[in-house]
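Coordinates in review
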Amino acid sequence: MQDHAMKQGANAQTSNNELKRGLQARHLTMISLGGAIGTGLFLASGGAIHTAGPGGALLAYTVIGIMVYFLMTSLAELASYMPEAGSFSTYATRFVDPSLGFALGWNYWYNWAITIAAELSASALIMKFWFPNTPSLLWSALFLLVMFGLNYLSVKGFGESEFWFSLIKVVTVIIFLIVGVLMIFGIFTGDAPGFKNFTMDGGPIHGGFFTVLGIFMAAGFSFQGTELLGVAAGESEDPAKTVPRAVRQVFWRILLFYILAIFVIGMLIPYTASSLASDDVRVSPFTLIFERAGFAFAASAMNAVILTAVLSAGNSGMYASTRMLWNLAKEGKAPRFLAKIDNRGVPINALIITALVGTLAFLASLFGDGQVYSWLLNASGMSGFIAWLGVAISHFRFRRAFIAQGHDLSELPYRSKWFPFGPIFAFVLCAVVILGQNYGAFMGGSVDWNGVLVSYIGLPLFLAVWLIYKFTKKSKLIPLKECQVVPTEK
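Residues numbered from 1 in each chain as written. Predicted model: local features only at pLDDT ≥ 70, side-chain atom pairs only at ≥ 80, totals over all residues. Heavy atoms only, no water.

Our next topic: the overall build of the protein. Along the backbone of the protein there are 19 helices and 0 strands. Across the 490 residues of the protein, 59% fall into the buried class. Summarising the internal contacts of the protein: among those between residues at least 6 apart in sequence, 81% fall at separations of at least 24. Of the roughly 18800 Å² that the protein leaves accessible, carbon and sulfur atoms contribute 67%. (Helix = DSSP H or I, 4+ residues; strand = E, 2+ residues; numbered from the N terminus. Buried < 20%, exposed > 50% of the residue type's maximum accessible area, 1.4 Å probe, protein only. Contact = heavy atoms within 4.5 Å. Areas by Shrake-Rupley, 256 points an atom, 1.4 Å probe, with all protein chains shown as cover.)

What follows is the structure, encoded as structure tokens:
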């Protein structure tokens, strides 16, 4: 009887040979928050404010936030109707072109595998706040083992640990916002800065349009992780209900946290402050503001929270990249041994390979922590925008194919609003940011090739993988009438 059930559900997520549905709505919400609230908010936000001014940073984060809203609703429509661990890689394979799905899958795996390395580099630096003379190698190795151990648990165990990790971050941001707003009115310090810092030097936006455009990458990296919902949908108990609910909660919470946090920082710290521009990731704007409020323990407490945030984001990254690699193997786009799942529903071989990539963080001990961290941040940032492009394209094609094949929108558990404006807007903005995010490298008398390499490394890698697969497999754009718009479970 069991063998028969396994054969019947060979392609279904609920099969005994497949991932286990152990994630509840609260797990989905916190997993997405765990991937999105990390170094981007606690560390990179200061650099964004320093570069473009508080108004420029707010503008960049708001525009990217609106774009992410449309991407999230697009992904929610797909994931609630057709939950797949391969998420937009699988969707692109079914609705666009198998070569695009192949490239998106490997791009996303690379994106989060590199993010794991970036978070490990950051965690080593944070530990040096307490242990300044210890080697980065030691802390990177230790935290890599912690992340691996948490992912080695059952998916429910991972979801539970991520829930509590993320809760610490959420509570910290709420406390920061309360303290910061009180400080704006002079409580704690006795000095109410008002809009003095926000409007200094002629206005809140510093450097003009192109400077703000450059901040879009930092903003995009900060919001990356929201799309983890699409990956986790394949292991959620009731995707038709839990995914839409989690999408609504996650987006507004993240937007609220980021916009208010940047506003508070911009009001309290002059954007010209050298501390915001520091390459030392231990200097967090959150820490500086808590110290100004008179909390003597602020530095140690905030660094502990930042460490939790970094580990949480890396933990979610290891989860996402492992699931994507497993799905690629399941679809024959990666070595078959990576499709192995143990009796607890964990893709063990994919997890081991992904964890090994985390050893890239060890480069931090050889080439300087700040430099390597910045490079990894930029590399994964580009890949994240490419993944978002894939979401927009896949949703646009899905909706058109769904209608072309005679289906009615009432069949969908969740329908994104503003179609087709949403995915088109997201696609255009992602493309603009990808192509123009380091325009400065091409300005002046000569091209800054090092800047070009650091900023655009993800783009040629993606195009190479896409085109090589396309030409070797001779894949073509799938006609709308032939797209697989019916879930495999049905």
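Past the structure itself, the notes keep going.
Helix H10 (residues 239-268) packs onto helix H7 (residues 155-184) with a crossing angle of 35° between their chain directions and a minimal axis gap of 10 Å. Judged by the sense of rotation from one axis to the other, the crossing of H7 with H10 is left-handed. In this structure, H7 contributes Val 170, Val 173, Ile 174, Phe 176, Leu 177, Gly 180, Val 181, Met 183 and Ile 184 to the contact, and H10 contributes Phe 257, Leu 260, Ala 261, Phe 263, Val 264, Ile 265, Met 267 and Leu 268. Split by residue class, the contact of H7 with H10 holds 16 nonpolar, 1 polar and no charged. (Axes fitted to C-alpha atoms, helices over the stretch in contact; angles between N-to-C directions. Left-handed = near helix turned anticlockwise from the far one by under 90°. Nonpolar A, V, L, I, M, F, W, Y, C, P; charged D, E, K, R; others polar.)

Grouped together as the largest cluster of nonpolar side chains are 131 residues, with contacts concentrated most on Phe 42 and Met 67. A total of 20 residues in this core trace back to one element, the largest contributor, which is helix H3 (residues 39-81). By size, the runner-up hydrophobic cluster in this structure holds 16 residues, among which are Ala 85, Trp 109, Leu 328 and Ala 334. (Core = buried A, V, L, I, M, F, W, Y, C linked by side-chain atoms within 4.5 Å.)

With that settled, consider the side chain of Asn 107. By secondary structure assignment, the location of Asn 107 is in helix H5 (residues 98-127). Under the relative-accessibility criterion, Asn 107 is labelled buried at 6%. Once you skip the residues sitting within four places of it in the chain, Asn 107 turns out to touch Ser 383, Ile 386, Ala 387 and Phe 462.

Following Phe 419, the chain continues into Pro 420 via a peptide bond in cis, with omega recorded as 5°. Relative to the helices and strands, Pro 420 is located in the loop between helix H16 (369-404) and helix H17 (421-436). Of note, Trp 418 is a non-glycine position whose phi angle comes to about 65°, a positive value. Mapping Trp 418 onto the fold places it in the loop between H16 and H17. Taking the relative accessible area as the measure of exposure, Trp 418 reaches 59% and is therefore exposed. In this structure, Lys 474 is a non-glycine residue whose phi angle is positive, near 55°. Within the secondary structure, Lys 474 sits in the segment after helix H19 (458-473).

Before going further, it helps to spend a moment on the pattern of salt bridges. Within the structure shown, the criterion is met by 4 salt bridges. Note that Glu 77 is salt-bridged to Arg 399, the shortest N-O span being 2.7 Å. Remark: Arg 399 occurs in helix H16 and Glu 77 occurs in helix H3; sequence separation between them is 322 residues. With respect to burial, Glu 77 and Arg 399 carry one shared label: buried. Among the ionic pairs, Glu 331 bridges to Lys 333, the shortest N-O distance being 3.4 Å. The class for Lys 333 is buried, based on a relative accessible area of 9%. (Salt bridge = Lys/Arg side-chain N within 4 Å of Asp/Glu carboxyl O.)

The next subject is a nonpolar patch on the surface. Together, Ile 174, Ile 178, Val 181, Leu 182, Phe 185, Ile 187 and Phe 188 make up an exposed nonpolar region whose accessible area comes to about 640 Å². Tracing the backbone through its elements, the reader meets Val 181 in helix H7. (Patch = residues over 30% accessible without salt bridge, like charges linked within 9 Å, V, L, I, M, F, W, Y side chains within 5 Å.)

One can find Ser 74 in helix H3. In this structure Ser 74 comes out as buried when scored by relative accessible area, which is 1%. Polar contacts involving the side chain of Ser 74 include one to the side chain of His 395, which spans 2.8 Å. Sequence-distant contacts of Ser 74, that is, excluding residues within four places in its chain, are made with Val 391, His 395, Ser 416 and Pro 423. (Polar contact = N/O pair within 3.5 Å; in protein donor to acceptor, adjacent residues only side chain to side chain.)

Let's shift gears to the packing of H5 against helix H6 (residues 136-152). Running from N to C, H5 and H6 point in directions that differ by 125°, and their axes come no closer than 8 Å. Classified by the interaxial angle, the pair formed by H5 and H6 is oblique. The interaxial crossing formed by H5 with H6 has right-handed handedness. Residue-level inspection shows Ile 116, Leu 120, Ser 123, Ala 124 and Met 127 of H5 in contact with H6, the latter providing Ser 136, Trp 139, Ser 140, Phe 143, Leu 144 and Met 147. (Parallel < 35°, antiparallel > 145°, perpendicular 65-115°, else oblique.)

Here we take up the environment of Tyr 319. Position of Tyr 319 relative to the elements: it lies in helix H13 (residues 298-330). What makes Tyr 319 buried here is its relative accessible area of 0%. Note: C-alpha distance between Tyr 319 and Tyr 152 (167 residues apart in sequence) is 9.7 Å. In this structure Tyr 319 touches Leu 23, Asn 151, Val 155, Phe 158, Val 231, Ala 232 and Glu 235, once residues within four positions along its chain are discounted.

Using the criterion set out here, one finds 28 aromatic pairs in the structure. The interplanar angle of 35° and the centroid separation of 5.3 Å between the aromatic rings of Phe 398 and Phe 402 together place this pair among those described as tilted. Of this pair, Phe 398 and Phe 402 are both found in helix H16, 4 residues apart, which corresponds to roughly one turn of the helix. Across the pair, Phe 402 and Phe 398 agree in class, each one buried. A cation over an aromatic ring shows up here: Arg 399 above the ring of Phe 419, its NZ or CZ 4.5 Å from the ring centre. (Phe/Tyr/Trp six-rings, centres within 6.5 Å; stacked < 30°, edge-to-face > 60°. Lys NZ or Arg CZ within 6 Å of the ring centre and 35° of its normal.)

It is worth stressing that arrangement in space is one thing and function is another; only the former is reported here.
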